[in-house]
Amino acid sequence: MIRNIYAITERELKSYFASPVAWIVTAFFIAMWGFLFAAIVASGREAVIRPLLNNFSVTFLLAGPLLTMRLIAEEARTGTLELLLTQPIREVELVLGKYISSVVFLMFMLLMTGYFATLLEMFGNPDEGPMLSGYLGVLLQGMAFLAIGLLASAFTQNQIVAAVVTFVTLLILWLSDSLANTVLSGTAADVVRYVSITQRFNDMPRGIIDTKDVVFFLTIVVGCLFLTTQVLTARRWR
Amino acid sequence: MISVEHLTKYYGPFAAVNDISFEVAEGEILGFLGPNGAGKTTTMRILTGYMPPSSGRVIVAGCDIFKDSLEARRHISYLPETVPLYTDMSARTYLDFVGKIRALDGRKRKARIEEVAEETQITEFMDKLIGKLSKGQRQRVGLAQALLPDPDVLVLDEPTIGLDPRQIVETREVIRSLRGRHTVILSTHILPEVSMTCERVVIINRGKIVAIDTPENLQRRMQGADTVDVEVRGPAEAVQAALKAIPQVTDVRQRGNAPDNLVFSVDSEIGVDLRERLASTIVERGWGLRGLRPSTVSLEEVFVQLVTEEAPAA
Ligand SMILES: Nc1ncnc2c1ncn2[C@@H]1O[C@H](COP(=O)(O)OP(=O)(O)OP(=O)(O)O)[C@@H](O)[C@H]1O
Ligand SMILES: [Mg+2]
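Residues numbered from 1 in each chain as written. Chains lettered and ligands numbered in written order. Predicted model: local features only at pLDDT ≥ 70, side-chain atom pairs only at ≥ 80, totals over all residues. Heavy atoms only, no water.

Novice: Which parts of the structure should I look at to understand the overall build of chain B?
Specialist: Each helix and strand counted, chain B has 11 helices and 14 strands in total. For chain B, the proportion of its 314 residues judged to be buried stands at 53%. Taking the contacts inside chain B whose residues are at least 6 apart along the sequence as the reference set, 68% of them involve residues at least 24 apart. Element-wise, carbon and sulfur atoms account for 49% of the exposed surface of chain B, whose accessible area totals about 14,000 Å². (Helix = DSSP H or I, 4+ residues; strand = E, 2+ residues; numbered from the N terminus. Buried < 20%, exposed > 50% of the residue type's maximum accessible area, 1.4 Å probe, protein only. Contact = heavy atoms within 4.5 Å. Areas by Shrake-Rupley, 256 points an atom, 1.4 Å probe, with all protein chains shown as cover.)

Set out below in structure tokens:
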């Protein structure tokens, strides 16, 4: 079980590091971070990372789809999925292996941004608590985005379709907060607000980790991974 | 080792595979022969657990491929029609990955990779990216992948496609060497391939089995007679009449129309060798005997015959 997952993750990570898309996303990610850092922290002259993290999660709307679009769609297109699904491995192992690789790559990207946090530490006196909880928030949110992307990638052989579907889904989740506050009212607004990612995310960089929010993100992850497994298993149904 | 029972596969209303049954014994090499769209790939995909049949069942090494899929898949390795390769990896890392999934451990895996690389002759480009290999080279990497786990059952979908003549010969050699140790099903539309590598042939057309037999038997069955080709210089009608007059000759057909170089196919009852009698008949009359050889109906003709016979019925 573990070995199979590990083998899949390892291969997938090699693909990530060999892929121009992943490097372009990373470069874009760090450039955005640098830009926001300069714009917010430098101009605000305040050693806090919160506004940075708040703005920053927007970049995930793009990074998420780009990092996950390939995962299953490409294997279906080139026929390697036929190899994997006729090997003695379970669909869950395949899905977990792929998902973990994308999360590892996300962590790698976040690690690169540690540079800016280090700058804050060196020249300012930031509050470590909110910074860490902020990072945790970014990671959890990113993990949810990646799981959604993986699910979309399982439905199609076309990477672009997978990316667009993921992007639109994320955008809806992202905008649902403003939607709830402006257009809707009453119960509808509450429901929409409940699924809003922004709402969930905003507290974390303030140093507040609400279990409910953590559970919310993890539910998305587990739900999407489960569905992805089901999509792959469905081919074996009569 | 493999038992296929009343297998049927519908794509929508269309039956790509229609109620086929056959068995493959342990250590046997079975050829799966049929024209484009016959249902070969579909059958192989079901056999390897890639997709379920609409009805019927497949037992591989005692396990139902549908109900006990994971266990059955441990006994099978598969070379799909579209060779499943990761273009951003080298052949070595690719084989290493497959080895890991097949639970081959460290040193054993390395040794085994060298072994199959040698066997499929991919050693010289093992460290090149697969994306930069030629079609034939990729096909061989695909075959190496299938051989790597050394499984009980090998399912090879058109394993020699895209190879050059020398490689085709060598790949067939590799497949033949599996006989006895492994059970192999290979599909092809190249007829000589079956007679060269397989012990038994399943001929399939439009999703139905047309014939199952050894290549030799199929040939004999279709032939129903022994035939000798005779090349003569002489007057066509007189020669034909004289040959026909020989006892035990059942039929004489003229082939080719070169004016003074005639070729006749002479049929006789099975097991009768007419060559001497034909030679003396021709020489006695003062005609020129230029050639005399027994003709074997190739499997190619068998195939064409079987398939065209079936066509109007379907
Ligand atoms: N996914 C699919 N959906 C619908 N029809 C299909 C599908 N796959 C195959 N078919 C049809 O089923 C029939 C059998 O196809 P199959 O691929 O098994 O043929 P084959 O014997 O492998 O042919 P070839 O020699 O060209 O590889 C064909 O008529 C094909 O059009
Ligand atoms: Mg085919």
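Novice: Mind showing me how you'd approach empty space enclosed by the protein here?
Specialist: Picture a little ball the size of a water molecule; that probe, rolled over the atoms, points out where space is still empty. Applying the stated criterion across every chain yields a total of four cavities of 30 Å³ or more. Put simply, the largest cavity is a space of about 60 Å³. Contributing to the lining of the largest cavity are A:Arg236, B:Ile46, B:Gly49, B:Met51, B:Pro52, B:Pro53, B:Ile65, B:Phe66 and B:Ser69. Taken together, the residues of the lining of the largest cavity sort by class into six nonpolar, two polar and one charged. (1 Å grid on protein atoms, 1.4 Å probe; cavity = no way out; pocket = protein on both sides within 12 Å on 5 of 7 lines; lining within 4 Å. Points joined across faces, edges and corners; volume = space filled by probe spheres on them. Nonpolar A, V, L, I, M, F, W, Y, C, P; charged D, E, K, R; others polar.)

Novice: Help me out: how do you make sense of the coordination of the magnesium ion (ligand 2) in this one?
Specialist: Residue and element names in this part refer to chain B. At this site the magnesium ion (ligand 2) is bound by Thr-41 (OG1) and Glu-81 (OE), with donor distances of 1.9 to 2.4 Å. Taken as a pair, Thr-41 in helix H1 (residues 40-47) and Glu-81 in the loop between strand E6 (76-79) and helix H3 (91-101) lie far apart in primary sequence, 40 residues in all. Classification of Thr-41 by relative accessible area gives buried; the value is 15%. For Glu-81, a relative accessible area of 39% puts it in the partly exposed group. (Donors = N, O, S within 2.8 Å, 3.2 Å for Na, K, Ca; no water.)

Novice: Quick question: what am I supposed to make of the interface of chain B and chain A here?
Specialist: Many analyses report the size of an interface as the accessible area lost when the parts associate. In this complex, chain B contributes 35 residues to the contact, which on the side of chain A involves 26 residues. Taking both sides of the interface into account, the surface hidden between chain B and chain A amounts to around 2,800 Å²; carbon and sulfur atoms contribute 55%. Counting across the chain B and chain A interface gives three salt bridges. Among the ionic pairs, B:Lys100 bridges to A:Glu10, the shortest N-O distance being 2.6 Å. Here chain B and chain A share 10 residue pairs in polar contact (both at pLDDT 80 or more) between them. Of all the secondary structure elements, the ones that give two or more residues to the side of chain B that touches chain A are strand E4 (55-60), helix H2 (69-74) and H3 of chain B. Ranked by the residues each element gives to the side of chain B that touches chain A, the list is headed by H3(B), at six residues. (Buried area = accessible area lost by both parts, 1.4 Å probe. Salt bridge = Lys/Arg side-chain N within 4 Å of Asp/Glu carboxyl O. Polar contact = N/O pair within 3.5 Å; in protein donor to acceptor, adjacent residues only side chain to side chain.)

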